[in-house]
Amino acid sequence: MDTTITEIAPDIYRMSTYIDDANLIMNQFLVDGEEPLLFHTGQRFLFPSASEAVARLIPLDRLRWITFGHVEADECGAMNSWLGVAPHAEVAHGAMGCFVQVNDLADRMPRPLDDGDVLETGTRRVRHIDTPHVPHGWDAGLMFEETTSTLFCGDLFTAFGHHPALTEEELLGPALEGEDNGRATCLTPALEPTIRALADLEPRTLAPMHAPAFTGDCVQALHDLASAYEQRFEAERERYVGRH
């Protein structure tokens, strides 16, 4: 496996590995600074490649924060491997997720984050945003780096296949094809307004876990995604209502 590194915003790096069997890219993101932050750990089998990539950017023992969107193998499977090479690092995750799972799973007690809590890496401020069940998972949350306006949007915009590291091309078509293939998103009444609230942040860069980093019109891309899911939610609601 080959993990590539791309700086997608000042001091923010995307480490990406294509997994042939899944036809999917796995992205981790490093926010560099005095207290570097990692968003997504990757699965345990990715740790050798991903950690070697991060080590090209910083000494691993400098890593201070280990974060992820929700408890899932590709998001946090290698959590304890990272803790093992970074003795001063803390896992930071939403308070609900810590209470339900991470307190038991992590080799060191995690830092529970409430909605709006900020981790500072030095010149960068990374804000935790609770997004329960968006796109999936009771404990789901995303992170927003305030100084560069980079939204780490997790499984939103997931697209199968090979992709460039950075793009200004539209994300919606590949994301909806990915949804058709995987059906991973919870279609709930909260989905559309939650995504529109992310658009209100006015991000300048979107950093999905399974898609290219996007530097086009991020606000419009999020509104387009919200509208598409609103239509899908209504279609599912009508389908189930029609059964009764």
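Report on the accompanying structure.

1. Regarding the overall build of the protein chain
In terms of helices and strands, the protein chain carries 7 helices and 14 strands. Computed over C-alpha atoms, the radius of gyration of the protein chain comes to 17 Å, within 12% of the 18 Å expected from 2.2 N^0.38 for 244 residues, which places it in the range of a compact globule. By principal-axis analysis of the C-alpha atoms, the protein chain measures approximately 55 × 35 × 35 Å. Out of the 244 residues in the protein chain, the part that is buried amounts to 52%. Intrachain contacts of the protein chain at a sequence separation of at least 6 include 61% that bridge at least 24 residues. Counting every atom, the protein chain has about 10,600 Å² of accessible surface; 50% of that belongs to carbon and sulfur. Mean positive and mean negative side-chain charge positions of the protein chain (17 and 40 charges, respectively) differ by 2 Å.

2. What to know about the packing of aromatic side chains
Following the criterion strictly, the structure yields 3 aromatic pairs and no others. Aromatic side chains Phe29 and Phe152 sit 5.5 Å apart centroid to centroid with 55 degrees between the ring planes, which places their arrangement in the tilted category. Placement of the pair is Phe29 in strand β3 (residues 24-31) and Phe152 in strand β11 (residues 150-154), with a sequence separation of 123 residues. Each member of the pair Phe29 and Phe152 is classed as buried. Considering the side-chain rings of Phe47 and Trp82, the 5.0 Å spacing of their centres and the 90 degrees angle between planes classify their relative orientation as edge-to-face. Pair noted here: Phe47 is in helix α1 (residues 47-55) and Trp82 is in helix α3 (residues 79-85), with a separation of 35 residues, a long-range link. The same class applies to Phe47 as to Trp82, namely buried. One aromatic cluster is present, built from ring pairs that chain together Phe29, Phe39 and Phe152. The ring of Trp65 carries Arg64 above its face, with NZ or CZ at 4.2 Å from the centroid.

3. Points about unusual backbone geometry
The omega torsion of the bond from Val134 to Pro135 falls at 0 degrees, within 30 degrees of zero and hence cis. You can see Pro135 is positioned in the loop between β9 (125-130) and β10 (141-145). Positive phi, normally seen in glycine, also occurs at His133, with a value near 70 degrees. When its relative accessible area of 34% is taken as the criterion, His133 is described as partly exposed. A positive phi angle, near 50 degrees, is found at Arg183, a position not held by glycine. Take Arg183: it is sitting in the loop between α5 (172-182) and α6 (191-199).

4. Description of the environment of Gly141
Position of Gly141 among the secondary structure elements: in strand β10. Residue classification places Gly141 among the buried residues on the basis of a relative accessible area of 3%. Along the sequence, Gly141 and Asp115 sit 26 residues apart, while their C-alpha atoms lie 8.6 Å from each other. Look past the residues within four positions of Gly141 in its chain and what remains in contact with it is Gly69, His128, Ile129, Asp130 and Thr131.

5. Structural notes on the pattern of salt bridges
Applying the stated rule across the entire model yields 14 salt bridges. Linking Arg56 and Glu52 is a salt bridge whose minimum nitrogen-to-oxygen distance equals 3.0 Å. Here Glu52 falls in the partly exposed class, since its relative accessible area comes to 41%. Here Arg64 and Glu90 are joined by a salt bridge, their closest N and O atoms 2.8 Å apart. Here the residue Arg64 occupies a position in the loop between α1 and β5 (65-67), and Glu90 occupies one in strand β6 (residues 90-94), the gap between them amounting to 26 residues.

Calculation notes
- Once a new chain begins, its residue numbering starts again from 1 and follows that chain's sequence as written.
- Selection of residues for local features in this predicted model requires a pLDDT of at least 70, selection of side-chain atom pairs for listing and counting requires 80 or more, and totals for whole chains, interfaces and linings are taken over all residues.
- To get the side-chain values, take all heavy atoms of the structure and skip hydrogens and water.
- By the criteria applied, helices consist of DSSP H or I runs no shorter than four residues and strands consist of E runs no shorter than two, each listed in order from the N terminus.
- For this measure, only C-alpha atoms enter the radius of gyration; the expected value for a globule follows 2.2 Å times N^0.38, where N is the number of residues.
- When a residue's accessible area, from a 1.4 Å probe over protein chains only, is under 20% of the maximum for its type it is buried; when over 50% it is exposed; and in between it is partly exposed.
- Whether two residues touch is decided by their heavy atoms; if any such pair falls within 4.5 Å, the residues are in contact.
- Each accessible area is a Shrake-Rupley result for a 1.4 Å probe, and residues are judged covered by the shown protein chains and nothing else.
- Counted as positive: Lys and Arg. Counted as negative: Asp and Glu, with His and the chain ends omitted from the count.
- By convention, the point assigned to a charge is CZ for Arg, NZ for Lys, CD for Glu and CG for Asp.
- Aromatic pairs are defined between Phe, Tyr and Trp rings, using the six-membered ring for Trp, whenever the two ring centres lie within 6.5 Å; interplanar angles under 30 degrees are classed as stacked, those over 60 as edge-to-face, and all others as tilted.
- Cation placement over rings: the criterion is NZ of Lys or CZ of Arg within 6 Å of the ring centroid and within 35° of the ring normal.
- A side-chain nitrogen of Lys or Arg and a carboxyl oxygen of Asp or Glu constitute a salt bridge if their distance falls within 4 Å.

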